[in-house]
Amino acid sequence: MVNISYKNHKQSVNNPKASISKEISRSDIKDKMMLCHPITFWMSAPVADGGACVIVCSEDFVIRHALQRKAVEIISQHLVTDLPSSFEKSYIDLSGYQMAKEAARRCFKESGLTPDNVNVVEVHDCFSCNEMLMYEALGLAKEGTGYQLIRNSEWRKNKEGGEMCYLNNKWVVNPSGGLESKGHPIGATGLAQCAELVWQLRGQAGKRQVEDAKIGLQHNFGIGGAAVVTLYKKYGIQQAKL
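Predicted, not measured: the structure shown is a model, and the values here were computed from it.

Trainee: So what exactly am I meant to see when it comes to the overall build of the chain here?
Mentor: In terms of helices and strands, the chain carries nine helices and nine strands. Its C-alpha atoms give the chain a radius of gyration of 17 Å, near enough to 18 Å, the size a compact globule of 242 residues would have. Expressed as lengths along the three principal axes of its C-alpha atoms, the size of the chain is roughly 55 × 45 × 35 Å. Buried positions account for 48% of the 242 residues belonging to the chain. If you take every contact in the chain between residues at least 6 apart in sequence, the share linking residues at least 24 apart comes to 67%. For the chain, the computed accessible surface area is about 12,100 Å², with 51% contributed by carbon and sulfur atoms. One finds the centroid of the 29 positive side-chain charges in the chain at a distance of 5 Å from the centroid of its 25 negative side-chain charges.

If you want it as structure tokens, here you go:
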């Protein structure tokens, strides 16, 4: 979890909108005040003020107003509310694991895509451990192996000179810095994730741009309780060619 927190804070240095926009050393993350073992201060998301909005329109509106170069399409979106497992013995399920897993399953089934088609991901990392759990729930890793993704990661520079961490040399997760860096404005958190993925798919993310980003995956979670998973693509990209 130290490495997940380190990744998110390091990626935040290229996000001028982040509440905490600085790299934090692994030793500082590990040794900072313990909140609840093994979660330390820097592994948690600060509550923040913030606002966000999106414009949702029809394809006809996009074409009539010549917005094809800017438009981003929602391929699939599913919301799953509390399941019986949410109230059983596992704190993992209380944190939305099964809800996210089911929402992701529905999105991939509906879209015909798989996690291998995804390039960039924004995950609800209220704590670093939640991000690790979502690696598995969203299908990026098999159950019990999520920690291996951050171990098998590689830092690469993009054309703008920014460094991004590629998990398993495939996915960039929370290029925005995640909630741990951006802050967690509660109601605006989901739309902030949406905005980041729209910028990524448009190629407008500057030093945090994920090269050749075509498919974005978003996970958002609210305790007590719902999980929402969304797949996005830049308008006009043919899924058959992915």
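Trainee: What's the story with the packing of helix α1 (residues 2–12) against helix α6 (residues 128–137) in this structure? I'm lost.
Mentor: Between two packed helices, the angle of one axis relative to the other and the distance separating the axes together describe the packing. Taken N-terminus to C-terminus, the directions of α1 and α6 make an angle of 100 degrees; their axes are 9 Å apart at the nearest point. Judged by the angle between their axes, α1 and α6 are roughly perpendicular. Residues Ile4, Ser5, Lys7 and Asn8 of α1 form the contact with α6, whose participating residues are Ser128, Glu131, Met132 and Tyr135. Its residues assigned to classes, the contact of α1 with α6 comprises three nonpolar, three polar and two charged.

Trainee: I keep staring at the side chain of Gln193 and nothing clicks. Help me out?
Mentor: Structurally, Gln193 can be placed in helix α9 (residues 189–202). Using a relative accessible area of 0% as the deciding quantity, one classes Gln193 as buried. Within the structure, Gln193 has its side chain in polar contact with the side chain of Gln218 (distance 3.1 Å). In this view, Gln193 contacts Glu122, Val123, His124, Leu179, Lys182, Gln218, His219 and Asn220; residues no more than four positions away in its chain are not counted.

Trainee: Looking at this structure, how should I read helix α5 (residues 97–111)?
Mentor: Residues lying three or four places apart along an α-helix face the same way, a consequence of the helix completing one turn every 3.6 residues. For α5, spanning 15 residues, the distance from its first C-alpha to its last is 21 Å, which sits close to the expected 21 Å at 1.5 Å a residue. Every buried residue of α5 is accounted for by Tyr97, Met99, Ala100, Glu102, Ala103, Ala104, Cys107, Phe108 and Ser111. On the buried face of α5, the contacting elements are β3 (72–81), α4 (91–94), α6, β8 (215–222) and β9 (226–234). Of the residues trailing α5, Gly112 is marked for its positive phi of about 80 degrees.

Trainee: Quick question: what am I supposed to make of the UniProt feature "domain: Thiolase C-terminal" (unreviewed entry) in the chain here?
Mentor: As annotated by UniProt and renumbered to match this structure, "domain: Thiolase C-terminal" (unreviewed entry) occupies residues 93–227. Secondary structure within residues 93–227 divides into 39% helix and 19% strand; the distance between the first and last C-alpha atoms comes to 11 Å.

Trainee: I tried to follow the packing of aromatic side chains on my own but got confused; where do I start?
Mentor: Within this structure, the stated rule accounts for two aromatic pairs. A ring pair is formed by Phe41 and Trp42, whose centres lie 5.0 Å apart and whose planes are at 80 degrees; its orientation type is edge-to-face. Look at Phe41 and you get partly exposed, because its relative accessible area is 34%. A residue is classified by how much of its surface remains accessible, and Trp42, at 11% relative accessible area, is buried. One residue, Arg26, lies across the ring of Tyr6, its end atom 3.9 Å from the ring centre. Geometry around Tyr166 places Arg156 over its ring, the cationic atom sitting 4.0 Å from the centre.

Trainee: Where do I start with α1 in this structure?
Mentor: Summarising burial for α1: nine of the eleven residues are buried, a large majority. Taken as a whole, α1 has its buried residues at Ile4, Ser5, Tyr6, Lys7, Asn8, His9, Lys10, Gln11 and Ser12.

What counts and how
- Think of each chain on its own: its residues are numbered from 1, step by step along the sequence as written.
- Two thresholds apply to this predicted model, a pLDDT of at least 70 for residue-level local features and 80 or more for giving and counting side-chain atom pairs, whereas whole-chain, interface and lining totals are computed over all residues.
- For the side-chain quantities, the full set of heavy atoms in the structure was used; hydrogens and water were omitted.
- The secondary structure listing takes helices from DSSP runs of H or I that are at least 4 residues long and strands from runs of E that are at least 2 residues long, numbered from the N terminus.
- We compute the radius of gyration over the C-alpha atoms and compare it with the globule rule, which gives 2.2 Å times the number of residues raised to the power 0.38.
- Residue exposure (1.4 Å probe, protein chains only): buried if accessible area is under 20% of the type maximum, exposed if over 50%, otherwise partly exposed.
- Only heavy atoms matter for contacts: two residues are in contact if any of them lie within 4.5 Å across the pair.
- Areas reported here follow the Shrake-Rupley algorithm with a probe of radius 1.4 Å; residue values treat only the protein chains shown as occluding.
- Neither His nor the chain termini are counted; the positive set is Lys and Arg, and the negative set is Asp and Glu.
- Positions of charges follow a simple convention, taking NZ of Lys, CZ of Arg, CG of Asp or CD of Glu.
- All axes are obtained by fitting lines to C-alpha atoms, using only the stretch in contact for helices, and the reported angles, taken between N-to-C directions, cover 0 to 180 degrees.
- Angle categories are assigned with fixed cut-offs, so that under 35 degrees is roughly parallel, over 145 is roughly antiparallel, 65 to 115 is roughly perpendicular, and the rest are oblique.
- Each residue is assigned to one of three groups, with Ala, Val, Leu, Ile, Met, Phe, Trp, Tyr, Cys and Pro labelled nonpolar, Asp, Glu, Lys and Arg labelled charged, and all others, Gly among them, labelled polar.
- Here a polar contact is recorded for every N or O atom pair within 3.5 Å, except that within protein the pair must consist of a potential hydrogen donor and a potential acceptor, and residues adjacent in sequence are included only if both atoms are side-chain atoms.
- Take the residue count of a helix, subtract one, and multiply by 1.5 Å to get its expected span.
- UniProt positions are given in the numbering used here, feature names are shortened, and annotations may be inferred rather than shown by experiment.
- To pair, rings of Phe, Tyr and Trp, with the six-membered ring standing in for Trp, must have centres within 6.5 Å; the planes then decide the type, stacked if under 30 degrees apart, edge-to-face if over 60, and tilted in the middle.
- Lysine and arginine charges are scored as sitting over a ring when NZ or CZ, respectively, is within 6 Å of the ring centre and within 35 degrees of the ring normal.

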